[in-house]
Amino acid sequence: MFILNSRSPQLSPNTKICPKYVFAVSIAVMSVDLGSEWMKMAIVKPGVPMEIVLNKESRRKTPTAVCLKENERLFGDSALGMSVKNPKTVYLHLQSLLGKKHDNLQVALYQKRFPEHQLQEDPVRGTVYFKYSEEMQYTAEELLGMVLNYSCGLAQDFAEQPIKDAVITVPAFFNQAERRAVLQAARLAGLKVLQLINDNTAVALNYGVFRRKDIDNTAKNVMFYDMGSGSTTATIVTYQTVKTKESGTQPQLQIRGVGFDRGLGGFEMDLRLRDHLAKLFNEQKKSKKDVRENHRAMAKLLKEAQRLKTVLSANVDFMAQVEGLMDDIDFKSKVTRAEFENLCADLFERVPQPVKDALSAAEMTMNEIEQVILVGGATRVPKVQEVLLKAVEKEELGKNINADEAAAMGAVYQAAALSKAFKVKPFLVRDAAVFPIQVDFTRETEEEGIKSVKHNKRILFDRMAPYPQRKVITFNRYNTDFAFDINYGDLSFLTKEDISIFGSLNLTTVRLSGVDGSFLKHADAESKGIKAHFNMDESGVLLLDRVSSCCTFLLPSSCQSRSYSRLKLLCLIGDVEDEEEVPPESGTESQDKDNKEEAEKEKQEESEKNAAEEKTQKTEEEEAGSKTETKTVKKRRSFSFSWISPFGDPSLTVFLCRLQDLTDRDVAKQEREKTLNSLEAFIFETQDKLYQEEFQLVVSEEEKDQISAKLREASEWMDEDGYTATTKQLREKLSKLKSLSKDMFFRVEERRKWPDHLAALESMLNTSTFFLRSAKMIPVDDQIFTDVELNLLEKVINETTTWKNETVAEQEKRSPQERPVLLSKDIESKLALLDREVNYLLNKAKFAKPKAKAKAKNGTSSDKSNGTSEEKTIPPTEEDPPAKSEAPPTAEDAAQTETDDQTPPTEEATTTGQAAKPAANDAGEL
């Protein structure tokens, strides 16, 4: 596990993580900005703070597409390229099908846009699946799981280490079923989802992280307008610093309002341009067939329409053209920006509505918004900017953020914050639930002998309620088994079309059993109600944690004088965080004021011992007559969405096995392609090298003819059978060719290494000889090397010199076509031996302590060269001439006679140490 120590530097956009904090195996985290048409990945790893992942084509974004053929699976740009050849095998825009039943309008719209696909209803779950054949049937979650698995593979290749932890972006308007579908797809992909983060929140986080210094205690409201391929979202975010108990004053972003349009995006513009081009082609009457009935032709027109939309954003007109559109007929026609704007006029009219909805949800006006920032690729359309600028009544629109990568970068920052491997600068995020959720239940009442059923509701989460958050609802008047529904609340702010796409308004029905048995078991106790504990986690997914029944018992009078007279016994399951209590139900039908959530929070005790210690003297005096004991019994209830069943264990196992089988086939296919490419490359490269000068020098005519014949034979085999051969056959063929030509390659490689290796050996011999000569000249009183050490170095120098001279001479006598006797590995071993001996002596000199100098008889201290005690000079003898300079000997001096070698040694070699008698210099010249 990758861990940073407690003093780890905080991660900022411009701060790199130092590898010195790695104690074990490094672990990176990733983010996936999962768009309807494109996906962007980003990673954080040691040494890389935040970086966008490049795919195999070195592009920063990858199409969210998968192509499934009988024996092949393609992703990204490869899959998108296949869509114009065989559109039936390519699956795009899968987001719109997640969590949708077969009768949903969104499913019908998808079928209209992609008529080549056959959508069937799942008899168990009621959702849809793609039917390509009887053997190939896949759900939207499976296909999205394949895409996520591919994105993980790209991130791992880019990070050069395994990655499993990820933060995935989803649209802010995704409901509970859609979010659970994304989590299911990630599970099938083998990813551990740290969090599902709303894409607008990720953009806001990225914006705030890079402007941390500009955030203070004054609230600043910013609107992000995001028009992507499939949808449009307007988000109002408040930036402000707040004080926290854990980390002091830190910046915070809070989502205040969200408005959206599920169908307004760049893809709808592409479709309208495609249909316009199809109309123009039919009007040219070059073919009697209707181009709209040809799926391949329409796929080609869609690709051209996407290019055309991009070009028209910068030009007033452009010539659209498609070669071989249908029946080998080319298509060419001029399209103007005015025509494009007329085609999408109703779409541009919908541009301001998300802004109005966001302002309404936040209860703000545009005067309170400081800046409107554009996000998403479709905002580059000039007409969109023109209409939006008029709607927001601002002087200009903000373009100071990367419209394509902001969400991915914000999500990966959150991934690093959630991971235990990194320490980041805190940036608090308060997201908001777009859709309200409530609990509905009925209760029988009796008034004046007349029984009636009362319908009650409790607002669990209001619209724009912050999350993560826990809530508790108490049912006080039930003593038998009962049920309650968890539904979406008031959705009147949605259009009729949005509600029809939304799906069922019922999340689930919770049925509680064993209630009457629990009360009969404790008939002498006073009921304190049944509590349902809800939790909306960081991903915006609602969970029912547990249901507990509470009752109060009277203790016997004999226990009243004891210290535990007011003992609270709490049987808790797990740790409990602060939870907000929803107001208790009233005897009459719920009114609007009863649906407001109170700000009271219920503290839960952790253990029986802690609860007993909470009693105070005051409570003992007030309740001296009737001491009570409170016992909380909790039972965990399973919580699942009844209208869309999640994959059960058997189905999940089948899906995982099927995906693993596809992955294994992909790996085998990639391995075969790699081996095939290696064989082809080896054949062509070797055939070319046989005619290069350095290869012709080392190969005989007979050997050359033999290798050429085998290469020619392999090339012919490749043309006939190679492209259908198995991986094993390809490997065997490559292995035989390498074995046949390895001697030739060995001789060439050795001759290439000789110059550098011999030069390095010669330099090492000169350096070693110079060091040995200098070491021998150290005075006896200051000598730190023993005779054995110096003699050993001298022996190694002499042996190496002899070996080099003899081996080089022997090699010169041999033919270049024979196996060389001068081998690079032998030279490397000689170099290593010399280096080891010299380094040993150098290290000894480095750590040797200077020997204490005896005082002279005249009471004066000995002379010190250059004012230091470690540098010593050798006084010249009567027989030796005085030294000409104080400089250490050079390499040229090493070749002089013994008389000329009496210059002072270097500082490192003359360090005072153990006294030894210097040995004579027997090395001589090289």
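Structure report, in brief. Everything numeric in this text was worked out from a predicted model, so none of it was measured.

1. What about the packing of helix 5 (residues 199-209) against helix 12 (residues 406-418)?
At step 1: Contact geometry of helix 5 with helix 12 gives a least axis separation of 7 Å together with a crossing angle of 80 degrees. One way to sum up the angle between helix 5 and helix 12 is to call them roughly perpendicular. Judged by residue contacts, Asp-199, Ala-202, Val-203, Leu-205, Asn-206 and Val-209 of helix 5 engage Ala-406, Ala-407, Met-409, Gly-410, Ala-411, Tyr-413 and Gln-414 from helix 12.
At step 2: Grouping the constituent residues of the contact of helix 5 with helix 12 by class yields nine nonpolar, three polar and one charged.

2. A short note on a negative patch on the surface
At step 1: Together, Glu-713, Glu-716, Asp-719, Glu-720 and Asp-721 make up a region of like negative charge exposed at the surface.
At step 2: Within the secondary structure, Glu-716 is located in helix 19 (residues 701-720).
At step 3: The class of Glu-716 is partly exposed, set by a relative accessible area of 46%.

3. Quick look at the packing of helix 21 (residues 787-813) against helix 22 (residues 824-847)
At step 1: It is at 11 Å that the axes of helix 21 and helix 22 come closest, and there the two elements cross at 160 degrees. In terms of orientation, helix 21 and helix 22 fall into the roughly antiparallel class. Crossing angle aside, the handedness with which helix 21 passes helix 22 is left-handed. Contacts between helix 21 and helix 22 involve Glu-789, Leu-790, Leu-792, Leu-793, Val-796, Ile-797, Thr-800 and Trp-803 from the former and Asp-826, Ile-827, Lys-830, Leu-833, Leu-834, Glu-837, Val-838, Tyr-840, Leu-841 and Lys-844 from the latter.
At step 2: For the contact of helix 21 with helix 22, a count of residues per class yields twelve nonpolar, one polar and five charged.

4. What about the packing of aromatic side chains?
At step 1: Applying the stated criterion to the full structure yields 24 aromatic pairs.
At step 2: Ring geometry for Tyr-207 and Phe-224: centres 5.4 Å apart, planes at 80 degrees, overall edge-to-face. With Tyr-207 in helix 5 and Phe-224 in strand 13 (residues 220-227), this residue pair connects regions lying 17 residues apart in the sequence.
At step 3: The buried category is assigned to Tyr-207, whose relative accessible area is 4%.
At step 4: Overall, Phe-224 belongs to the buried group, its relative accessible area being 2%.

5. Details of helix 10 (residues 353-362)
At step 1: Every buried residue of helix 10 is accounted for by Pro-354, Val-355, Ala-358, Leu-359, Ala-361 and Ala-362. The buried residues of helix 10 occupy an angular sector of 165 degrees when projected down its axis, which confines them to one face. Along helix 10, the residues that are exposed and aim more than 90 degrees away from the buried face are Lys-356 and Ser-360.
At step 2: Immediately downstream of helix 10, the backbone of Glu-363 shows phi near 55 degrees, a positive value.

6. Some words on the sheet that holds strand 14 (residues 232-244)
At step 1: The strand order 18-13-14-15-19-22 describes an open sheet built from six strands, whose pairing is mixed. Each of the sheet's edge strands pairs with one partner strand only, and the pair in question is strand 18 (371-375) and strand 22 (465-467). Direction aside, the axes of adjacent strands within the sheet are offset by 30 degrees on average.
At step 2: Bridge analysis of strand 14 against strand 15 (residues 248-261) gives 13 bridges, and the strand direction is antiparallel.

7. Some remarks on the layout of surface pockets
At step 1: Here the second largest pocket defines a volume of roughly 870 Å³.
At step 2: Taken together, 25 residues form the lining of the second largest pocket, with Gln-252, Phe-427, Leu-428, Val-429 and Arg-430 sitting closest to its centre.
At step 3: Its residues assigned to classes, the lining of the second largest pocket comprises twelve nonpolar, seven polar and six charged.

Rules used in this analysis
Residues numbered from 1 in each chain as written. Predicted model: local features only at pLDDT ≥ 70, side-chain atom pairs only at ≥ 80, totals over all residues. Heavy atoms only, no water. Axes fitted to C-alpha atoms, helices over the stretch in contact; angles between N-to-C directions. Helix = DSSP H or I, 4+ residues; strand = E, 2+ residues; numbered from the N terminus. Parallel < 35°, antiparallel > 145°, perpendicular 65-115°, else oblique. Contact = heavy atoms within 4.5 Å. Nonpolar A, V, L, I, M, F, W, Y, C, P; charged D, E, K, R; others polar. Patch = residues over 30% accessible without salt bridge, like charges linked within 9 Å, V, L, I, M, F, W, Y side chains within 5 Å. Areas by Shrake-Rupley, 256 points an atom, 1.4 Å probe, with all protein chains shown as cover. Salt bridge = Lys/Arg side-chain N within 4 Å of Asp/Glu carboxyl O. Lys, Arg positive; Asp, Glu negative; His and termini not counted. Charge placed at Lys NZ, Arg CZ, Asp CG, Glu CD. Buried < 20%, exposed > 50% of the residue type's maximum accessible area, 1.4 Å probe, protein only. Left-handed = near helix turned anticlockwise from the far one by under 90°. Phe/Tyr/Trp six-rings, centres within 6.5 Å; stacked < 30°, edge-to-face > 60°. Arc of directions from axis to C-beta. Pairing = 2+ DSSP bridges. 1 Å grid on protein atoms, 1.4 Å probe; cavity = no way out; pocket = protein on both sides within 12 Å on 5 of 7 lines; lining within 4 Å. Points joined across faces, edges and corners; volume = space filled by probe spheres on them.

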